[in-house]
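# Residue-level structure breakdown
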Amino acid sequence: MPQLAKTGNEAMAEAMRQINPDVVAAYPITPATEIVMIFSQFVADGLVNTEYVAVESEHSAMSACVGASAAGARVMTGTSSQGLQLMSEILPIAAALRLPIVLCDVNRALSGPINIHCDHSDTMAVRDFGWVQIFSENAQEAYDNVLQAMKIVEDERVRLPAMATTDGFIISHCMEKIDTLEDAVVKNYVGEHKVINSVLDVDKPITLGSIDLQDYYFEHRMAMADAMNHAKQVIVEVGQDFGRRFGRSYGMIETYQLDDAEVAIVALGSTCGTARAVVDELREKGIKAGLLKIRVFRPFPADEIIQALSKIKAAAIMDRSDTLSSQGGQVFTEVRSALYEQSNKPLLTNYIYGLGGREISLDDIRRIFVEQVEAAASGKVRGPVQHFGVRQ
Amino acid sequence: MKKNMNWKELMHGDAVAAGTAEEFETGDWRSERPVWHKKKCINCYFCWIYCPDSSILLDEDKKVAGIDYKHCKGCGICAHECPVKEPKAITMEPERR
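Every residue gets a number counted from 1 within its own chain, in the order that chain's sequence is written. Each chain gets a letter, beginning with A, and each ligand a number, beginning with 1, in the order they are written. Note on the predicted model: pLDDT of at least 70 is required for a residue's local features to be given, and 80 or more for side-chain atom pairs to be given and counted; whole-chain, interface and lining totals, by contrast, use all residues.

## Details of the overall build of chain A
Stated formally: Counting from the N terminus, the helices are the DSSP runs of H or I reaching at least four residues and the strands are the DSSP runs of E reaching at least two. Each radius of gyration reported is based on C-alpha atoms, and the globular scaling rule is 2.2 Å times the count of residues to the power 0.38. Whether a residue is buried, exposed or partly exposed is read from the other C-beta atoms within 10 Å of its own C-beta, which are placed from the backbone; 20 or more gives buried, 12 or fewer gives exposed, and intermediate counts give partly exposed.
Across its full length, chain A holds 13 helices and 16 strands. Over its C-alpha atoms chain A spans a radius of gyration of 21 Å, differing by no more than 12% from the 21 Å that the globule rule assigns to 392 residues. Its C-alpha atoms give chain A principal-axis dimensions of about 70 × 50 × 45 Å. Across the 392 residues in chain A, those meeting the buried criterion constitute 52%.

Quick look at the structure:
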């Protein structure tokens, strides 16, 4: 297995090269530009057989992806933030048509005010569009998640599109040592793209995207909901199979020092790396701290979270975006909802943090853990929603 | 096509078998109906070519035979394109119900 120094963007582009999709349609946007820029160089150099469609906007990019996928091609793209929002009209169509597209998504704050740095507001804004959403903690996971995403979306039990995400600049531009697979191994791993329906198949003609009113729209949405339910099992199977083959296993969530923990942090993406270091440090001091990483946000791993938090006294739910609903962030509202029926559940505090790329340091995580220890001791939280790190 | 299928009976991914528009009768959308005048018709097929709903009927000898009123939406393209000198072989008349 070649060990390479790669940024998150380079790692995702490398995974795309090895997957060798039939079509990539993309438009550049910071901080995801490099993914498709590097990939376009692979196309120019003849290293892939991909038809690269240089479009005039992200709306066109996703539209071209939908068309190509509906024709039976294996399709990938990449974007971020405003680009993801410009795709918004087409994203739910890709899901409803059950097109197995993989999108390399770099999490970046939504405008406005205009900002190019990491938070999760872009990806969270499209969370209910029927796309599988996988968050990466580092460049290694970015590489692994793109490969697994292709397996997940093409599984006949799923056939929904997926976005594999990294955190803008923190992962996308940070160079790390990653283990990659040989080209032939990836080719064998992803296998041949299986076409279920093709709008270009004259022997089995179909209509795709026809109007669907009171009579059938609900049934089609039910089929999507069912596919998303099945996706959980497929994601776990694919993650375990990846571990058996290549030594790195994945699930819906990942726990770190959580089994005997009394206080915990629940987070997504790169913040988990910071939290891991603090957990180690606190454990040395005898504080029973643990980490729950939510790797997959869609479908939402409610059962896994209930199980993982069942013995925790106090947990900090970390949201790198805000719903602006007065009810906290997206992760918090869903975790709290998942725990509603449980008799054994921790005290929860929502920390909205890191908006627009504001640093979340080891010290910040220490402080958040200390507040959980205090909550566990007193049985009270400071207030369910804290905007952490904002100047008051 | 089976009516009122449940969600498990649907084709994968919002696909529908081709040609099902034939089963969907759109004739009651009309506010004007095209009327074909056999004696004026020169069988040029302009109406047949231009009709967006395949609603110009042909007989066994491939001659124009009339209008499929179950599907014709009354757009009037056939009457507009008819090259016969006025009065044309297809004229639009108010729909009466």
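Having seen it, we continue.
## Remarks on the interface of chain A and chain B
Note the following rule: Contact criterion: two residues are in contact if their C-beta atoms, reconstructed from the backbone, are within 7 Å. All residues other than Ala, Val, Leu, Ile, Met, Phe, Trp, Tyr, Cys, Pro, Asp, Glu, Lys and Arg, Gly among them, are scored as polar; the first ten of these are nonpolar and the last four charged.
Taken together, the contact between chain A and chain B spans 17 residues of the former and 10 residues of the latter. Of all the secondary-structure elements, those providing two or more residues to the side of chain A that touches chain B are β9 (206-208) and α9 (217-246) of chain A. Per element, the largest residue contribution to the side of chain A that touches chain B is four residues, and it comes from α9(A). In terms of residue class, the side of chain A that touches chain B is made up of eight nonpolar, five polar and four charged.

## A short note on the domain arrangement of chain A
All names here are of chain A. Here is the rule we go by: Segmentation into domains, and thus their bounds, comes from an automatic or database assignment.
Looking at the assigned domains, one finds that chain A contains domain 1 (3-246) and domain 2 (253-387). Secondary structure elements with two or more residues in the side of domain 1 that touches domain 2: α6 (121-125), β6 (132-135) and α9. In terms of residue count, α9 provides more of the side of domain 1 that touches domain 2 than any other element does, five residues in total. Among the residues forming the side of domain 1 that touches domain 2, the class breakdown is 13 nonpolar, nine polar and five charged.

## Regarding the nonpolar core
Generally speaking, a soluble globular protein has its nonpolar side chains buried in company with each other. Threshold: The nonpolar core criterion groups buried Ala, Val, Leu, Ile, Met, Phe, Trp, Tyr and Cys residues into a set whenever they are joined through C-beta atoms within 7 Å.
Counting residues in hydrophobic clusters, the biggest one holds 118 residues, and the most contacted among them are A:V146, A:A264, A:I265 and A:V266. Looking at which element gives the most residues to this core, the answer is helix α7 (residues 139-154) of chain A, with nine residues. Domain assignment of the residues forming this core places at least three in each of domain 1 (3-246) and domain 2 (253-387) of chain A. Those residues in contact with A:V266 that lie beyond four places of it in its chain are A:L292, A:I294, A:A315, A:A316, A:I317, A:M318, A:V331 and A:V335. With 12 residues, the next largest nonpolar core counts B:F46, B:C47, B:V64 and B:A89 among its residues.

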